Amino acid sequence: MTLLILGLVLFLGAHTFTTLRQLRQPAIARLGEGPYKGLYSLVSAAGIVLIVIGFGRYRHAGYIAIWDPPSGLHAVTLILMWVSFVSLAAAYSPLGKIKASLRHPMLVGVKAWALAHLIANGDLGSILLFGGFLAWAVYDRISLKRRGDAGAAASGATIGDAIALIVGSGAYAAMWWLH
């Protein structure tokens, strides 16, 4: 559990640091943009590795049950996961109605993914992992709003919507074989 928590602190801490502009700008000025990005990437990658190893060790040692997820929420979990994949695809698709209406589709995708897993899992490790990501995504969205980053401007339906729906739905289907 220690590695999982350390990984969350590193990964989410690095991502939270980027929202603290009064600290981030002097760090970039001191290190230089390239070294700052390299250090940011290294810390984030180390965090992901520790999260994966820590959660794997936690699962191998045995789950610590906190609550039993209601089976009636299974359909909600499946819908949230589809929304997550389409949102993540929209984040990298050309501008369309999906991307514009979500404003920050990556954060919507992370929130939907985390919430889906919180609904489906009632163990301590899952609550720490997915609850941590959900809390960070909510914080980051509030931070973006306070900084005045409105996100994508409204637009008509484009190829970007088709790409988001096709790629997101395809990734969602692939999840069934890989998860």
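This text follows the structure it describes.
Residues numbered from 1 in each chain as written. Predicted model: local features only at pLDDT ≥ 70, side-chain atom pairs only at ≥ 80, totals over all residues. Heavy atoms only, no water.

Caption draft 1: Up close: the overall build of the chain. Of the regular secondary structure elements, the chain holds 8 helices and 0 strands. In the chain, the order of α-helices and β-strands from amino to carboxyl end is α-α-α-α-α-α-α-α. Seen through its principal axes, the chain has C-alpha atoms that stretch 45 × 45 × 25 Å. Across the 179 residues that make up the chain, the buried fraction comes to 36%. Considering only intrachain contacts with a sequence separation of at least 6, the fraction spanning at least 24 residues in the chain is 78%. Within the structure as shown, the chain displays about 10100 Å² of accessible surface, and the carbon and sulfur contribution to it stands at 71%. Treating the 14 positive side-chain charges of the chain as one cloud and the 6 negative ones as another, the clouds have centres 7 Å apart. (Helix = DSSP H or I, 4+ residues; strand = E, 2+ residues; numbered from the N terminus. Buried < 20%, exposed > 50% of the residue type's maximum accessible area, 1.4 Å probe, protein only. Contact = heavy atoms within 4.5 Å. Areas by Shrake-Rupley, 256 points an atom, 1.4 Å probe, with all protein chains shown as cover. Lys, Arg positive; Asp, Glu negative; His and termini not counted. Charge placed at Lys NZ, Arg CZ, Asp CG, Glu CD.)

Caption draft 2: Structural detail: the environment of Ala 75. By secondary structure assignment, the location of Ala 75 is in helix H4 (residues 74-91). On the accessibility criterion, Ala 75 (44% relative accessible area) is partly exposed. Taking the C-alpha atoms as reference, Ala 75 lies 29 Å from Ile 53; in sequence the two are 22 residues apart.

Caption draft 3: Examining the environment of Arg 21 more closely. The residue Arg 21 is located in helix H2 (residues 21-31) in this model. Not counting residues up to four positions away in its chain, the partners in contact with Arg 21 are Pro 26 and Arg 147.

Caption draft 4: Spotlight on the environment of Trp 136. Tracing the backbone through its elements, the reader meets Trp 136 in helix H7 (residues 124-147). Judged by its relative accessible area of 13%, Trp 136 falls in the buried class. As a C-alpha pair, Trp 136 and Thr 16 span 120 residues in sequence and 7.5 Å in three-dimensional space. Apart from residues lying up to four places away in sequence, Trp 136 is in contact with Leu 12, His 15, Thr 16, Leu 107 and Val 110.

Caption draft 5: Geometry of unusual backbone geometry. With a phi angle near 65 degrees, Arg 103 is a residue other than glycine that sits in the positive phi range. Its location among the elements puts Arg 103 in the loop between helix H5 (97-102) and helix H6 (105-120). Judged by its relative accessible area of 37%, Arg 103 is partly exposed.

Caption draft 6: How the structure looks around the packing of aromatic side chains. Under the defined criterion, the tally for this structure stands at 9 aromatic pairs. Arranged with centres 5.6 Å apart and planes meeting at 40 degrees, the rings of Phe 11 and Phe 133 form a pair that is tilted. Linking Phe 11 in helix H1 (residues 2-17) with Phe 133 in helix H7, this pair joins segments that are 122 residues apart in sequence. Residues Phe 11 and Phe 133 agree in their burial class; the two are buried. (Phe/Tyr/Trp six-rings, centres within 6.5 Å; stacked < 30°, edge-to-face > 60°.)

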